[in-house]
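Each chain is listed here by its residues.
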Amino acid sequence: KRNISAFYTWLRKMKLVADNPCDGIESYTIIQKPVEVLEANEVEKLKEACHDLRDRAIIEFMRCTAMRRGEVPQVNIGDIDFQTGKLTILGHKTSEYRTVMLDNVALQYIKEYLEKERKEYSKDDPLFAHKYDNKRLKDEGLYSVIKNISKRSEVNKRVYPHIFRHSTATTIISRGGTEDQAGRYLGHAPRNVTGRHYIRYSNQDAIEIFNKYVKSI
């Protein structure tokens, strides 16, 4: 209805028609499907279903950073500050840099993965790589790894990279954060004009949101 009504509104402005036939049609409510998230016990089941350190490092990485599927492959080892857990990434949709964080649990498993399964690496190597040739794990590979972990677990829902974004946003809000704080940490573009053009949030803002609402308690 919306598109047809807009077309007839334009026709009426151009004086090509006198009336908009959609004016008499009642609008209907679009029922939004509930967003699926991972409960705390389901995240634990995924961890238990990990076959190796790379699996576990990926789960912990996604839990903390809530990065988009297309953003993860661009991360190199040298991008992570292993002292603070800070990671600055280029947003896949916004084309703007933002800060995400890794807590001590995630850092521990990433370090173990690098030291025990990668062994030889440099700061310019990809953070997550294929097991046999050390080539960068791309977004299709990330999806496959998470899907296989899910199959081995007892989580009775579809688990895919983006569900970690939903889950992190829900965690932020359930722990007392606001929708705006959840959106800022996930890298959503501001909704209002002021936010889009005048407000620039600092790295410290993301760090504070993470420390207060996201990291493992």
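Since this is a predicted model, take the numbers as computed values, not measurements. (Residues numbered from 1 in each chain as written. Predicted model: local features only at pLDDT ≥ 70, side-chain atom pairs only at ≥ 80, totals over all residues. Heavy atoms only, no water.)

Draft legend 1. Geometry of the overall build of the chain. When helices and strands are tallied, the chain shows nine helices and two strands. Starting at the N terminus, the α and β elements of the chain follow one another as α-α-α-β-β-α-α-α-α-α-α. Across the 217 residues in the chain, those meeting the buried criterion constitute 42%. Across the chain, the fraction of contacts at a sequence separation of at least 24, relative to all contacts at a separation of at least 6, is 60%. Surface exposure of the chain reaches about 13,600 Å², of which carbon and sulfur atoms provide 48%. (Helix = DSSP H or I, 4+ residues; strand = E, 2+ residues; numbered from the N terminus. Buried < 20%, exposed > 50% of the residue type's maximum accessible area, 1.4 Å probe, protein only. Contact = heavy atoms within 4.5 Å. Areas by Shrake-Rupley, 256 points an atom, 1.4 Å probe, with all protein chains shown as cover.)

Draft legend 2. Layout of unusual backbone geometry. Although it is not a glycine, Ala66 adopts a positive phi angle of roughly 55°. Inspection of the secondary structure puts Ala66 in the loop between α3 (53–65) and β1 (86–90). Classification of Ala66 by relative accessible area gives buried; the value is 0%. In this model, Asn134 sits at a positive phi of 65°, which is unusual for a non-glycine residue. Relative to the assigned elements, Asn134 resides in the loop between α4 (104–118) and α5 (139–152). In this structure Asn134 comes out as partly exposed when scored by relative accessible area, which is 31%.

Draft legend 3. Region of interest: the environment of Asp81. Locating Asp81 in the fold gives a position in the loop between α3 and β1. Assessed through its relative accessible area of 32%, Asp81 is described here as partly exposed. Polar contacts involving the side chain of Asp81 include one to the side chain of Thr84, which spans 3.2 Å. (Polar contact = N/O pair within 3.5 Å; in protein donor to acceptor, adjacent residues only side chain to side chain.)

Draft legend 4. Quick look at the pairing of strand β2 (residues 97–101). With four of five residues buried, β2 lies mostly within the body of the structure. The hairpin formed by β1 and β2 contains six residues between the paired strands, and Ser95 there has a positive phi angle of roughly 55°. (Pairing = 2+ DSSP bridges.)

Draft legend 5. A look at α5. Helix length check: α5, at 14 residues, gives a terminal C-alpha distance of 20 Å against a target of 20 Å (1.5 Å per residue), a fit within 8%. Within α5, burial applies to Gly141, Leu142, Val145, Ile146, Ile149 and Ser150. Close packing links the buried residues of α5 with α2 (40–48), α3 and α6 (161–174). (Expected span 1.5 Å × (residues − 1).)

Draft legend 6. Up close: the packing of aromatic side chains. One pass over the structure, following the stated rule, counts three aromatic pairs. Aromatic pair Phe61 and Phe128: ring centres 5.4 Å apart, planes at 85°, arrangement edge-to-face. Taken together, the positions of Phe61 in helix α3 and Phe128 in the loop between α4 and α5 put the pair 67 residues apart, joining distant regions of the chain. Here Phe61 matches Phe128 in class, with each residue buried. When the centroid spacing of 6.1 Å and the interplanar angle of 25° are considered together, the rings of Tyr185 and Phe210 count as stacked. In this pair, Tyr185 sits in helix α7 (residues 179–186) while Phe210 sits in helix α9 (residues 203–214), placing the two residues 25 residues apart along the sequence. A relative accessible area of 0% places Tyr185 in the buried class. A relative accessible area of 1% places Phe210 in the buried class. Members of the aromatic cluster, connected to one another through ring pairs, are Phe61, Tyr113 and Phe128. For Arg56, the ring lying beneath its charged end belongs to Tyr109, and the centroid distance is 4.1 Å. (Phe/Tyr/Trp six-rings, centres within 6.5 Å; stacked < 30°, edge-to-face > 60°. Lys NZ or Arg CZ within 6 Å of the ring centre and 35° of its normal.)

Draft legend 7. Local environment of the nonpolar core. Ranked by size, the top nonpolar core spans 53 residues in total, and within it Phe61, Phe128, Phe164 and Tyr185 carry the most contacts. When residues no more than four places from it in sequence are discounted, the contact partners of Tyr185 are Cys64, Thr65, Arg98, Thr99, Val100, Met101, Thr168, Ile172, Ala206, Ile209 and Phe210. (Core = buried A, V, L, I, M, F, W, Y, C linked by side-chain atoms within 4.5 Å.)

Draft legend 8. The pairing of β1, seen in detail. Of the two faces of β1, the one holding Leu87 and Ile89 is buried and the one holding Lys86, Thr88 and Leu90 is not buried anywhere. In this structure, β1 lies alongside β2, joined through five bridges in antiparallel fashion. Opposite Leu87, over in β2, you have Val100 as the bridge partner.

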